[in-house]
Amino acid sequence: TNRSDCCGNIIKKFRVFVSNAPVTDFNAIGNVFEYNNSSGMPVGYVQDITNLNLNGRYVSICVDNGATAFPLTLSEVKVYGCVSSSNPCLNNQNPS
């Protein structure tokens, strides 16, 4: 969720990674989602990323604001997953 109190339209481009090691570079290979909008993410906008069915210890969000030095200003990030790799999430299983 983008912040609703300020900083509207600052976030223009970011990538989400799921991996077994932290990702700190926007240009790293293996992103699972990319947001790219030259107008920026609207204030209070909620971006749902669903049905990825991936394994990894880390969820990384890397931002690319071009020549500006704006930080990533999200108000909320929720990550859901299933605990057991031997029994992946089933359609009716609640994520933890």
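Structure: see above.
Every value quoted in this text rests on a predicted model; they were computed, and no experiment measured them.

## Some remarks on the side chain of Arg15
At step 1: One can find Arg15 in strand β1 (residues 13-19).
At step 2: Residue classification places Arg15 among the buried positions, given a relative accessible area of 15%.

## Describing the environment of Asp64
At step 1: With respect to the helices and strands, the residue Asp64 is situated in the segment after β3 (58-63).
At step 2: By relative accessible area, which is 29% here, Asp64 ends up partly exposed.
At step 3: The spatial distance from the C-alpha of Asp64 to the C-alpha of Asp25 is 9.3 Å, given a sequence separation of 39 residues.
At step 4: If sequence neighbours within four positions are ignored, Asp64 has contacts with Lys13 and Phe26.

## Quick notes on the sheet that holds β1
At step 1: Spatial ordering of the open sheet is given by β2-β1-β3, a layout of three strands whose pairing is antiparallel. Whereas interior strands pair on both sides, the edge strands pair on one side only; in this sheet they are β2 (31-36) and β3. With strand direction ignored, the average angle separating the axes of adjacent strands in the sheet is 15°.
At step 2: Sheet topology note: the β1/β2 ladder contains five bridges and is antiparallel. Bridge pairing in β2 links Val16 to Phe33.

## Here's the deal with the pattern of salt bridges
At step 1: Summed over the entire model, instances satisfying the criterion amount to three salt bridges.
At step 2: Its salt-bridge partner being Asp5, residue Arg3 comes within 2.9 Å of it at the nearest N-O pair.
At step 3: Under the relative-accessibility criterion, Arg3 is labelled partly exposed at 26%.
At step 4: Judged by relative accessible area, Asp5 falls into the exposed class, the value being 61%.
At step 5: Salt-bridge contacts for Glu34 lead to Arg15; the nearest nitrogen and oxygen are separated by 2.8 Å. Note that Glu34 is positioned in strand β2 and Arg15 in strand β1, a separation of 19 residues in sequence.

## Brief notes about the packing of aromatic side chains
At step 1: Taken as a whole and assessed by the stated rule, the structure comprises three aromatic pairs.
At step 2: Between Phe14 and Tyr35 the ring centres are 5.4 Å apart and the planes differ by 15°, which places this aromatic pair in the stacked class. Here Phe14, found in strand β1, pairs with Tyr35, found in strand β2; they are 21 residues apart in sequence, far enough to count as distant.
At step 3: Given a relative accessible area of 5%, Phe14 falls into the buried group.
At step 4: Here Tyr35 and Tyr45 contribute two aromatic rings whose centre-to-centre distance is 6.4 Å and whose plane-to-plane angle is 50°, an arrangement assigned as tilted.

Criteria and thresholds
- Residues numbered from 1 in each chain as written.
- Predicted model: local features only at pLDDT ≥ 70, side-chain atom pairs only at ≥ 80, totals over all residues.
- Heavy atoms only, no water.
- Helix = DSSP H or I, 4+ residues; strand = E, 2+ residues; numbered from the N terminus.
- Buried < 20%, exposed > 50% of the residue type's maximum accessible area, 1.4 Å probe, protein only.
- Contact = heavy atoms within 4.5 Å.
- Pairing = 2+ DSSP bridges.
- Axes fitted to C-alpha atoms, helices over the stretch in contact; angles between N-to-C directions.
- Salt bridge = Lys/Arg side-chain N within 4 Å of Asp/Glu carboxyl O.
- Phe/Tyr/Trp six-rings, centres within 6.5 Å; stacked < 30°, edge-to-face > 60°.

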